[in-house]
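Listed here are the chains, written in short residue letters.
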Amino acid sequence: SQQGEEDPQALSIQEGENATMNCSYKTSINNLQWYRQNSGRGLVHLILIRSNEREKHSGRLRVTLDTSKKSSSLLITASRAADTASYFCAPFGNEKLTFGTGTRLTIIP
Amino acid sequence: DAGVIQSPRHEVTEMGQEVTLRCKPISGHDYLFWYRQTMMRGLELLIYFNNNVPIDDSGMPEDRFSAKMPNASFSTLKIQPSEPRDSAVYFCATKPGRYDEQYFGPGTRLTVT
């Protein structure tokens, strides 16, 4: 199995601004998944992008995937206070899903 | 669907006691995972099942930990005897098929004193 490495570890932005988080991984994947975790809660799946996709949108979320660079990015547009959370990427090859340490995003009202 | 259900939500026990955590997966999900989360170690995969069969338990810390899935509707994670270093939030997650996203339960916060 493999886990993604999120960058930056922490990010603070003003409400209304866009937030970008990056993920790098090491081996080949079938898909890459992004999750959010609010403090004290379980992880919530945000978006899944398959290895043959380059970009995917869901509401205010935009995910890109570059398999040649083994990297992905998550963009949250027009951030809101409720977006304050930790964000995890999880590259999935063929077995189990493991998680890195995440990006801690803080939205300042 | 009610989502993944875990019980209890909070558990406080004394060192040496047996602890049993429970998980009810989403109906129709073939995969079930147990994770442990701490500040120091992050989110660790302990064990996962496919169609009620344990597939990979390499993340189980030691023999004090055991997990079972007697049927498609129920799984348990047992710690016997418990130790203070077992204090953590334990999550159960399930997914329909191999390449699908996972659905997490709310977690059980375990405190061992």
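Residues numbered from 1 in each chain as written. Chains lettered and ligands numbered in written order. Predicted model: local features only at pLDDT ≥ 70, side-chain atom pairs only at ≥ 80, totals over all residues. Heavy atoms only, no water.

**Examining the sheet that holds strand β3 (residues 19-24) of chain B**
Sheet strands line up and pair through hydrogen bonds in the backbone, either parallel or antiparallel.
All names here are of chain B.
Here comes step 1: Read from one edge to the other, the open sheet built from four strands follows the order β1-β3-β8-β7, with strand pairing classed as antiparallel. The open sheet has two edge strands with one neighbour each: β1 (5-7) and β7 (65-71). The average undirected angle you get between the axes of adjacent strands in this sheet is 15°. (Pairing = 2+ DSSP bridges. Helix = DSSP H or I, 4+ residues; strand = E, 2+ residues; numbered from the N terminus. Axes fitted to C-alpha atoms, helices over the stretch in contact; angles between N-to-C directions.)

**A few points about unusual backbone geometry**
A negative phi angle characterises most non-glycine residues, just as the trans form characterises most peptide bonds.
Here comes step 1: Cis rather than trans, the peptide bond between Ser7(B) and Pro8(B) has omega equal to -10°.
Here comes step 2: With respect to the secondary-structure elements, Pro8(B) resides in the loop between β1 and β2 (10-13).
Here comes step 3: With an omega of -5°, the peptide bond between Gln80(B) and Pro81(B) qualifies as cis.
Here comes step 4: When you line up the elements, Pro81(B) lands in the loop between β8 (74-79) and β9 (88-95).
Here comes step 5: The backbone phi angle of Ala78(A) is positive, close to 45°, even though this residue is not glycine.
Here comes step 6: The topology assignment puts Ala78(A) in the loop between β8 (71-76) and β9 (85-92).

**With respect to the pattern of salt bridges**
Here comes step 1: Tallying each qualifying case throughout the model produces twelve salt bridges over all chains.
Here comes step 2: Ionic pairing is found between Glu55(A) and Arg62(A), a salt bridge with its closest N-O pair at 3.1 Å.
Here comes step 3: Residue classification places Arg62(A) among the partly exposed residues on the basis of a relative accessible area of 29%.
Here comes step 4: Residues Lys96(A) and Asp56(B) are paired through a salt bridge, measuring 2.6 Å at the closest nitrogen-oxygen approach. Of the two residues, Lys96(A) sits in the loop between β9 and β10 (103-108) while Asp56(B) sits in strand β6 (residues 53-56), which places them in two different chains. Side by side, Lys96(A) and Asp56(B) carry an identical accessibility label, which is buried.
Here comes step 5: Among the charged side chains, a network of salt bridges with common partners joins Glu62(B), Arg64(B), Glu83(B), Arg85(B) and Asp86(B). (Salt bridge = Lys/Arg side-chain N within 4 Å of Asp/Glu carboxyl O. Buried < 20%, exposed > 50% of the residue type's maximum accessible area, 1.4 Å probe, protein only.)

**Remarks on the interface of chain A and chain B**
Here comes step 1: Residue-level contacts link 19 residues of chain A with 18 residues of chain B.
Here comes step 2: For the pairing of chain A and chain B, the buried interface totals around 1500 Å² over both sides, and the portion due to carbon and sulfur atoms is 53%.
Here comes step 3: Three residues stand out in chain A for area buried against chain B, namely Leu43(A), Lys96(A) and Phe99(A), and they jointly supply 30% of the buried area on that side.
Here comes step 4: Summed over the shared surface of chain A and chain B, the number is one salt bridge.
Here comes step 5: Linking chain A with chain B are six residue pairs in polar contact (both at pLDDT 80 or more), by the criterion used here.
Here comes step 6: Among the secondary structure elements, those contributing two or more residues to the side of chain A that touches chain B are β4 (31-37), β5 (43-50) and β9 of chain A.
Here comes step 7: Looking at which element gives the most residues to the side of chain A that touches chain B, the answer is β4(A), with four residues.
Here comes step 8: Residues belonging to the side of chain A that touches chain B are distributed by class as follows: seven nonpolar, nine polar and three charged. (Contact = heavy atoms within 4.5 Å. Buried area = accessible area lost by both parts, 1.4 Å probe. Polar contact = N/O pair within 3.5 Å; in protein donor to acceptor, adjacent residues only side chain to side chain. Nonpolar A, V, L, I, M, F, W, Y, C, P; charged D, E, K, R; others polar.)

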